[in-house]
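Listed below are the residues making up each chain.
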Amino acid sequence: MAQAMRRQPSSQSISLFSTDGKPHPLQDTLLAVTLVLGAVAFVTAFFHNLHLLSSWTGLIGILTGAYGQFISVTTRERFALIIGLGASAIGFFLGMAHGGLFGGWLG
């Protein structure tokens, strides 16, 4: 456990998303997209007439978040992806309860 007590060099930059000091542009992009889609799905899910928007953004947010979890590298990415996935899932399920993905357009 000696490595746990070792101080990090001060020249190493501290990043919000990557804790290993390497850039992860694809993972950071998926993280941002999942968080935005989750926020949109969560907020619009509380309005019955916006069920199309909440269900579709929730579904896309779930898919991008799941792929982001699959390729994520750091714990910070996984933590934020779970927040976005949860918001997307709540928005998706409430959107489905209010009218679904197609809202009566099919049949």
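Residues numbered from 1 in each chain as written. Predicted model: local features only at pLDDT ≥ 70, side-chain atom pairs only at ≥ 80, totals over all residues. Heavy atoms only, no water.

*Asks:* Looking at this structure, I do not really get the packing of helix H2 (residues 25-44) against helix H4 (residues 75-98). What am I missing?
*Replies:* Helix packing for two helices is described by the angle between their axes and how far apart those axes are. Contact geometry for H2 and H4: axes closest at 7 Å, N-to-C directions at 30 degrees. Regarding the angle of H2 to H4, the classification is roughly parallel. In terms of crossing hand, the pair formed by H2 and H4 is left-handed. Of the residues in H4, those in contact with Gln27, Asp28, Leu30, Leu31, Thr34, Leu35, Leu37, Gly38, Ala39, Ala41 and Phe42 of H2 are Glu77, Ala80, Leu81, Ile83, Gly84, Leu85, Ala87, Ser88, Ile90 and Gly91. Among the residues forming the contact of H2 with H4, the class breakdown is 13 nonpolar, six polar and two charged. (Axes fitted to C-alpha atoms, helices over the stretch in contact; angles between N-to-C directions. Helix = DSSP H or I, 4+ residues; strand = E, 2+ residues; numbered from the N terminus. Parallel < 35°, antiparallel > 145°, perpendicular 65-115°, else oblique. Left-handed = near helix turned anticlockwise from the far one by under 90°. Contact = heavy atoms within 4.5 Å. Nonpolar A, V, L, I, M, F, W, Y, C, P; charged D, E, K, R; others polar.)

*Asks:* What should I look at first to understand helix H3 (residues 51-71) in this one?
*Replies:* Given 3.6 residues to a turn, an α-helix orients residues that are three or four positions apart in the same direction. For H3, built from 21 residues, the straight-helix expectation of 30 Å at 1.5 Å per residue is met to within 8% by its first-to-last C-alpha distance of 30 Å. Every buried residue belonging to H3 is among His51, Ser54, Ser55, Thr57, Gly58, Gly61, Thr64, Gly65, Gly68 and Ile71, and all of these are buried. Residues of H3 that are buried make contact with H2 and H4. (Expected span 1.5 Å × (residues − 1). Buried < 20%, exposed > 50% of the residue type's maximum accessible area, 1.4 Å probe, protein only.)

*Asks:* In this structure, what is going on with the side chain of serine 55? I would like to understand it.
*Replies:* Along the chain, serine 55 turns up in helix H3. One polar contact links the side chain of serine 55 to the main-chain carbonyl oxygen of histidine 51, over a distance of 2.7 Å. Within the local environment of serine 55, its side chain forms a polar contact with the backbone oxygen of leucine 52, the two atoms lying 3.2 Å apart. Residues contacting serine 55, with those up to four places away along its chain left out, are Gly91, Phe92, Gly95, Met96, Gly100 and Leu101. (Polar contact = N/O pair within 3.5 Å; in protein donor to acceptor, adjacent residues only side chain to side chain.)

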